[in-house]
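The residues making up each chain are set out below.
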Amino acid sequence: VNLRALTSWVGIARLFAVVLSCLAFSLVASTGHFGGPYGTWCMFTWCFCFAVTLLVLLLELLELYPLLPLSWDDFTSAFSMLATLMVFTSSVVFPATFISSPCSSNRCARQAVATTASCLCFLAYAVEVALTRAKPGDISSFLSTVPGLLKVFEAYVACLIFSLLDGYNGEPGLMWCVAVYSICFIITLLIIIFTIGRCLTYIPCPLEKMLVGYNFLALLMYLTATVVWPLYSFRGRSRPDPCGRDCWWNKHLGVTFLTIFNLIAYLVDLVYSTRMVFV
């Protein structure tokens, strides 16, 4: 038994994440008010993060993780980054969707406490990411480096973009943007999977330079999408009035901002990857 898995700073952050995620989904479940896609997503996020983090703690406590056919450090780094992003999204989406003002009922109070627990859970995962991030010059665990963490961010943002895509059929410009999102997402996801599965060493080419080339290509593709998507989405079309939660205008605006976020992520990724390889 490795008690350091629970007593180290990383272990303590994971314990907090387990308790807080459990508290969040338990309180929301007790209200019985979490229907619809947004509520389902939030409940899935808290339950998924709770289950995986608890499994990570148990495997490290019993020292069973070396038996798994994967890179453990890469897996835990990728998961903690993914959990940070997922819980952050839920911490914003849940109160915006389910908590109304004024908040005076018992159900609303439980929802508010669940939101607070979710925000604290996000901080716990963010602390874990900070504690496990690779030191400058250390590339033994790729997904714990800045380019590796950005890969997880880029894939997650692409998933958010897919969830907002609506009404792009028949528009060549919008279909090109969807192709950009899909191609970059698939390649980025394969890089993450191959890294965790220790399969990148079998690629018969200089891996580091290949990643720099891919980042440059992805940056150019996202640059075109950043210009083309709003141009084709809003050209000659004004915002409907009223424009509710599922309004196409809001979704297209969300895709525009998320595209810009990923463009910045790929730019930073390219800079860091270039420094790691050539400097």
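Owing to the predicted nature of the structure, the values given are computational and were not obtained by experimental measurement. (Residues numbered from 1 in each chain as written. Predicted model: local features only at pLDDT ≥ 70, side-chain atom pairs only at ≥ 80, totals over all residues. Heavy atoms only, no water.)

Q: Teacher, can you tell me more about the UniProt feature "transmembrane region" (unreviewed entry) in the chain here?
A: Under the present numbering, the feature "transmembrane region" (unreviewed entry) in UniProt falls on residues 6-29, 41-59, 79-100, 112-131, 173-200, 212-232 and 252-272. Along residues 6-29 the backbone is 96% helical and 0% strand, and the end-to-end C-alpha distance reaches 28 Å. From the first C-alpha to the last, residues 173-200 spans 34 Å; its make-up is 86% helix and 0% strand. (UniProt positions renumbered as here; feature names shortened; annotations may be inferred. Helix = DSSP H or I, 4+ residues; strand = E, 2+ residues; numbered from the N terminus.)

Q: What should I look at first to understand unusual backbone geometry in this one?
A: Peptide bonds are trans in most cases, and residues, glycine excluded, mostly fall at negative phi. If you check the backbone angles, Glu63 has positive phi at about 55° while not being a glycine. Its location among the elements puts Glu63 in the loop between helix 3 (36-61) and helix 4 (72-98). By relative accessible area, which is 47% here, Glu63 ends up partly exposed. With a phi angle near 60°, Arg198 is a residue other than glycine that sits in the positive phi range. By the secondary structure assignment, Arg198 is in the loop between helix 7 (172-196) and helix 8 (207-234). Look at Arg198 and you get exposed, because its relative accessible area is 52%. (Buried < 20%, exposed > 50% of the residue type's maximum accessible area, 1.4 Å probe, protein only.)

Q: For this particular structure, what's the right way to read the nonpolar core?
A: When a protein is soluble and globular, its nonpolar side chains tend to lie buried together. Trp46, Tyr125, Ile161, Tyr181, Cys184 and Tyr222 are the most contacted members of the largest nonpolar core, which totals 68 residues. Mapped by element, the contributors of at least two residues to this core are helix 2 (9-31), helix 3, helix 4, helix 5 (106-132), helix 6 (146-164), helix 7, helix 8 and helix 9 (248-278). (Core = buried A, V, L, I, M, F, W, Y, C linked by side-chain atoms within 4.5 Å.)

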